[in-house]
Amino acid sequence: YFDGGCQPNPGKGYGSYQCVGPDFNYMASRVPFGERLTSNMAEYLSLIQALKWLSHRDTNGDEVHIFTDSMLVCNQVQRRWKTKLWFLKDLKKDVLDLLEKYPGWRIQWVPRQENVKRFGH
């Protein structure tokens, strides 16, 4: 699970993520990403942070299931929507490179209320 945002937009970026597996349940809340970010950039950076955290764990070659309330990230990562902005293309490439480690993965949209309940933002 991941969520990202910024205040204002563009502005100070932040993100949260939760990684859940048979032997772990880790939550990072309100990780700062810096200035002059858009909310879409913060969403991608949150997913990248989650995948980096997960890459250091023994996942036994399991498939990765990703949950997000960002329709943009969900559809761009699945290659359903074009990624036109160069800075989002670079972030999407980083995500796909991190996902190469796993035998399978899927990304699924969840309603915004689920992430608000989980992360508080």
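Whatever comes next refers back to the structure up there.
The rules behind each value
- The numbers attached to residues start from 1 for each chain and follow its sequence in the written order.
- pLDDT decides what is reported in this predicted model: residues at 70 or higher carry local features, side-chain atom pairs at 80 or more are listed and counted, and totals for whole chains, interfaces and linings draw on all residues regardless.
- Derived side-chain values reflect all non-hydrogen atoms in the structure, with water molecules and hydrogen atoms excluded from consideration.
- For helices the rule is a DSSP run of H or I covering at least 4 residues; for strands it is a run of E covering at least 2, with both sets numbered from the N terminus onward.
- The globule rule is 2.2 Å times the number of residues to the power 0.38, and the radius of gyration it is compared with is taken over C-alpha atoms.
- By definition, a salt bridge exists where a carboxyl oxygen of Asp or Glu is found within 4 Å of a side-chain nitrogen of Lys or Arg.
- Three exposure classes are used, based on accessible area relative to the maximum for each residue type with a 1.4 Å probe and protein chains only: buried under 20%, partly exposed in between, and exposed over 50%.
- Using only the protein atoms, space was sampled on a 1 Å grid; points where a 1.4 Å probe fits but cannot get out form cavities, open sets with protein on both sides within 12 Å along at least five of seven lines form pockets, and lining residues are those with an atom within 4 Å of a point.
- Grid points are joined across faces, edges and corners, and a volume is the space filled by probe spheres set on the points.
- For a helix, the expected span equals 1.5 Å multiplied by the number of residues minus one.
- Think of it as the arc spanned by the lines of direction from the helix axis to the C-beta atoms.
- Contacts are assigned to residue pairs that have any heavy atoms within 4.5 Å of one another.

Tallying secondary structure elements over the protein chain gives 4 helices and 5 strands in all. Counted from the first residue to the last, the protein chain has its helices and strands arranged as β-β-β-α-β-α-α-β-α. Computed over the C-alpha atoms, the radius of gyration of the protein chain is 14 Å, within 12% of the 14 Å expected from 2.2 N^0.38 for a compact globule of 121 residues. Along the first, second and third principal axes, the C-alpha set of the protein chain runs to 40 × 30 × 25 Å.

With that settled, the discussion passes to the pattern of salt bridges. As enumerated under the stated definition, the model contains 3 salt bridges in all. Taking the shortest distance from any N to any O, the salt bridge between Asp69 and Arg112 comes out at 2.5 Å. Of this pair, Asp69 sits in the loop between strand S4 (64-68) and helix H2 (71-77) while Arg112 is found in helix H4 (residues 112-119), placing the two residues 43 residues apart along the sequence. Taking relative accessible area as the criterion, Asp69 reaches 12% and is therefore assigned buried. On the basis of relative accessibility, which here comes to 38%, the residue Arg112 falls in the partly exposed class. The closest approach of N and O atoms between Lys93 and Asp97, which form a salt bridge, is 2.8 Å. Of this pair, Lys93 and Asp97 both sit in helix H3 (residues 86-99), 4 residues apart, which is roughly one turn of that helix. Here the residues in one salt-bridge network are Asp3, Asp69 and Arg112, joined through shared partners.

What follows is about the layout of surface pockets. In this structure, the largest pocket spans a volume of roughly 380 Å³. In this structure, the largest pocket is lined by 22 residues; those nearest its centre are Cys19, Val20, Leu54, Val64 and His65. Breaking the lining of the largest pocket down by element, the ones donating at least two residues are strand S2 (11-21), helix H1 (39-55) and S4.

It is worth spelling out H3 at this point. For H3, which comprises 14 residues, the first-to-last C-alpha distance of 20 Å matches the rise-based estimate of 20 Å (1.5 Å per residue) to within 8%. Of the residues making up H3, those classed as buried are Leu88, Leu91, Lys92, Val95, Leu96 and Leu99. Take H3 and look down its axis: the buried residues cluster within an arc of 140 degrees, on one side only. Buried positions along H3 lie against H1, S4, H2 and strand S5 (105-109).

This brings us to the environment of Leu45. With respect to the secondary-structure elements, Leu45 resides in helix H1. Each C-alpha atom, one on Leu45 and one on Phe2, is 9.5 Å from the other, the two residues being 43 residues apart in sequence.

Read these as spatial facts, not as claims about activity.
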